[in-house]
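Remarks on the overall topology
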Amino acid sequence: MLDIEGTTSATGFVVGELYPYARKRFGRLLTERAAEPEVRRAVGQIRAMLGEPAADAARIERALGAWLDEDRKATPLKTLQGIVWAEGFASGELVSHFYPDVLPRLREWHAAGVRLHVYSSGSVAAQRAWFGHSPEGDLRPLAGEFYDTENAGPKLVATSYEAIAADLGAVPGRVLFLSDRPGELDAARAAGWHTAGVRRPGEPYYESGMGDHPEVASFAELEIRTGTGAAPDGPVVGADEVRRAGARLAAEAARFAGFGWMRGTSGNLSVVLARDPLRLAVTASGRDKGELTEDDVVLVDGRGAAVAGTAGPVAGAGKPSAEAGLHARVVRLTGAGAVVHVHTVAAVAMGRRRPGGIVLRDLEMLKGLGVPAEGTAVRLPVIANSQDMDVLGDRLEEAREPRMPAVVVAGHGLYVWGEDLPQARHHAEVVQWLLELEVASGRE
Ligand SMILES: CSCCC(=O)C(=O)COP(=O)(O)O
Ligand SMILES: [Zn+2]
């Protein structure tokens, strides 16, 4: 987990280049774009902080100027700076700064499967712009999640670090925080994280030191080992293996997205990489499933929680699918080697029409599921939706038909599984075909 200002990048650059850039543009932002939701929200926060509900644009601009002079880490100041800077970076007027030792290390760690994230007091918009417009181009593929004082909380309190670890599904003892500020390092350590102070000459905390935290003068001195928590006799799932699985999942997802079954960020896929203990590669949450890359994958355990190096290095970035727990449950229940979850209109339509299950018979296509084409009826179960994967898993376990490698989740989509990824795909295509036929037949 990386801090930016003072750690990856010079505070002097932020204060000397970016602060004046924002200061010059606040006036116009506050007057000409006051109706934009983000500006309006920040202005409301500033008025509350000042205790002046009627403060006008000029008063707010003066307050922002004073906070800039004090280098105060006020969230609405960061929000407005983020807007102005993001536009400056996008137009090419601004290019971010990284210390020369940083980027070679970030690239090396990323290639080794270390998941890199950012937690900075600058807004997420500003962080993304910073990584997106570096002297070496767009570095955003190196970073997974971005956290700021709005989505994670203040940097000097342990609860913010606890919230981040929970959000990432990461084991606190497997996270290393790099920062130049001892108070932040204290808070991270109180949340169970490892810490390393980055103490660079010329940075604000250089003189006072890093307290009792281990410290380095540059990223070149840091060595990060992956996979050190592996059980001695357990399988080690290497970063390359996870990434290869990521490439396979991305290819399958692109195919399903092409059918219109994974619109937007909907759906998720997984494949088993180890059985004892269970390890699955699952698609990362919230990504456009038509545009996944080999890095949009997370290694999870038998409950769907991210495995942060406890059984080998973790490739990719981001957090596991919100439905990873159900994938793991399907695998535990059925012994499947791969699980496909798609959001198809036919599945939702038939789930509505037949909440008690969809009975299928006398169709040649049933042979694609190992069911005779004639004389045998099979039921595709329909279960109620839930946001709790344990509840959904219990419903699936109760409703499951051993001959049917699929379940419709009402108002949600379709889960299908198979011995391996190609078989899960074939099953998904067959079940979807059967559902489309049922919809087309129009029977109530
Ligand atoms: C619009 S998608 C809502 C979440 C969902 O049902 C899904 O399948 C995708 O979730 P993920 O966390 O895997 O991106
Ligand atoms: Zn879903």
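Keep in mind the model is a prediction, meaning the values are calculated, not measured.

Turning our attention to the overall build of the protein. The helix and strand tally for the protein stands at 13 helices and 14 strands. For the protein, buried positions account for 54% of its 444 residues. Counted over contacts in the protein with a minimum sequence separation of 6, partners at least 24 positions apart contribute 66%. Looking at the protein as shown, the accessible area adds up to about 18600 Å², and 51% of this sits on carbon and sulfur atoms.

Here we take up the pairing of strand β10 (residues 358–361). Of the two faces of β10, only one is covered, namely that formed by Ile358 and Leu360; the face formed by Val359 and Arg361 stays uncovered. Pairing of β10 with strand β11 (residues 377–380), which is carried by 4 bridges, proceeds in the antiparallel orientation. Residue pairing for β11: leucine 360 is matched across the bridge by valine 378.

This part is about the site of ligand 1. Taken together, 13 residues are adjacent to ligand 1, and Ser285, Gly286, Lys289, Ser321 and Glu323 come closest. At 2.8 Å, a backbone N or O of glycine 286 approaches an oxygen atom of ligand 1. Interatomic distance of 3.1 Å between a side-chain N/O atom of histidine 412 and an oxygen atom of ligand 1. Relative to its unbound accessible surface of 400 Å², ligand 1 loses 72% to contact with the protein. Split into classes, the residues belonging to the shell around ligand 1 amount to 1 nonpolar, 10 polar and 2 charged.

Next up on the list: the coordination of the zinc ion (ligand 2). Reference values for coordination geometry: four tetrahedral donors around a metal ideally subtend 109.5 degrees, six octahedral donors ideally subtend 90 or 180 degrees. Ligation of the zinc ion (ligand 2) by protein atoms is provided by Glu323 (OE), His341 (NE2), His343 (NE2) and His412 (NE2), these donors lying 2.1 to 2.5 Å from the ion. If you list the donors of the zinc ion (ligand 2) from N- to C-terminus, the spacing comes out as E-x17-H-x1-H-x68-H. Of this pair, glutamate 323 sits in the loop between β8 (297–300) and α10 (324–334) while histidine 343 is found in the loop between β9 (338–342) and α11 (345–353), placing the two residues 20 residues apart along the sequence. We classify glutamate 323 as buried; its relative accessible area is 11%. For histidine 343, a relative accessible area of 28% translates into the label partly exposed.

In terms of residue burial, strand β6 (residues 268–275) counts as a mostly covered element, since 7 of its 8 residues are buried. Alignment of β6 against β9, held across 4 bridges, turns out to be antiparallel. For leucine 269, the partnering residue across the bridge sits in β9 and is valine 340. For β6 and strand β7 (residues 278–283), the ladder comprises 5 bridges, and the chain directions are antiparallel. Residue pairing in the sheet places serine 270 in a bridge with valine 282 of β7. Between the end of β6 and the start of β7, which pair antiparallel, lie 2 residues.

The sheet built from 3 strands is open, its strands ordered β3-β4-β5 with parallel pairing. Two strands lie at the open edges of the sheet, namely β3 (176–179) and β5 (215–216), each paired on one side alone. Sheet analysis places β3 next to strand β4 (residues 194–198), joined by 4 bridges and oriented parallel. Considered in β4, the bridge of leucine 178 is made with alanine 196.

We now examine the UniProt feature "binding site: Zn(2+)" (unreviewed entry) in the protein. Sites flagged by UniProt as "binding site: Zn(2+)" (unreviewed entry) map to His341 and His343. Along the polypeptide, histidine 341 turns up in strand β9. Accessibility expressed as a relative area gives 0% for histidine 341, which makes it buried. Excluding residues within four positions of it along the chain, histidine 341 makes contact with Met262, Gly267, Asn268, Leu269, Glu323, His327, His412, Gly413, Leu414 and Tyr415. In this structure histidine 343 touches Gly260, Trp261, Ser266, Gly267, His412 and Gly413, once residues within four positions along its chain are discounted. A polar contact of 3.1 Å, which involves the side chain of histidine 343, links it to the side chain of histidine 341.

A sheet is described by the order of its strands in space; here 7 strands give the open sequence β8-β7-β6-β9-β14-β13-β12, paired in mixed fashion. A single partner strand is all that each edge strand has here, and the edge strands are β8 and β12 (382–383).

What follows concerns the packing of helix α1 (residues 11–32) against helix α3 (residues 57–70). Packing of α1 against α3 brings their axes to within 9 Å, and their N-to-C directions diverge by 165°. Comparing their axes, α3 and α1 come out roughly antiparallel. Between α1 and α3 lies a crossing of right-handed hand. Within the contact between the two elements, α1 uses Tyr19, Arg23, Phe26, Gly27, Leu30 and Thr31 and α3 uses Ala57, Ile60, Glu61, Leu64, Gly65, Leu68 and Asp69. Across the contact of α1 with α3, the residue classes tally to 7 nonpolar, 3 polar and 3 charged.

Turning our eyes to something else, we now look at the nonpolar core. One broad rule of soluble globular proteins: the nonpolar side chains tend to lie buried together. Leu80, Trp85 and Leu106 are the most contacted members of the largest nonpolar core, which has 53 residues in total. At 9 residues, α1 tops the list of elements feeding residues into this core. Split by domain, the residues of this core number at least three in each of domain 1 (11–76) and domain 2 (102–221). Residues contacting leucine 80, with those up to four places away along its chain left out, are Phe26, Leu29, Leu30, Val39, Ala42, Ile46 and Leu64. Trp261, Met262, Met350 and Leu360 belong to the second-largest nonpolar core, a separate cluster that totals 45 residues.

Among the residues of helix α5 (residues 102–111), Val102, Leu103, Arg105, Leu106, Trp109 and His110 are the ones counted as buried. Along the axis of α5, the buried residues cluster in a sector spanning 160°; they form a single face. Each element contacted by the buried residues of α5 is listed here: β1 (116–119), α6 (124–132), β3 and α9 (239–259). Where α5 ends, the next residue or the one after it, glycine 113, has phi of about 95°, a positive value.

Conventions used here
- Residues numbered from 1 in each chain as written.
- Chains lettered and ligands numbered in written order.
- Predicted model: local features only at pLDDT ≥ 70, side-chain atom pairs only at ≥ 80, totals over all residues.
- Heavy atoms only, no water.
- Helix = DSSP H or I, 4+ residues; strand = E, 2+ residues; numbered from the N terminus.
- Buried < 20%, exposed > 50% of the residue type's maximum accessible area, 1.4 Å probe, protein only.
- Contact = heavy atoms within 4.5 Å.
- Areas by Shrake-Rupley, 256 points an atom, 1.4 Å probe, with all protein chains shown as cover.
- Pairing = 2+ DSSP bridges.
- Near = heavy atom within 4 Å.
- Polar contact = N/O pair within 3.5 Å; in protein donor to acceptor, adjacent residues only side chain to side chain.
- Nonpolar A, V, L, I, M, F, W, Y, C, P; charged D, E, K, R; others polar.
- Donors = N, O, S within 2.8 Å, 3.2 Å for Na, K, Ca; no water.
- UniProt positions renumbered as here; feature names shortened; annotations may be inferred.
- Axes fitted to C-alpha atoms, helices over the stretch in contact; angles between N-to-C directions.
- Parallel < 35°, antiparallel > 145°, perpendicular 65-115°, else oblique.
- Left-handed = near helix turned anticlockwise from the far one by under 90°.
- Core = buried A, V, L, I, M, F, W, Y, C linked by side-chain atoms within 4.5 Å.
- Domains from an automatic or database assignment.
- Arc of directions from axis to C-beta.

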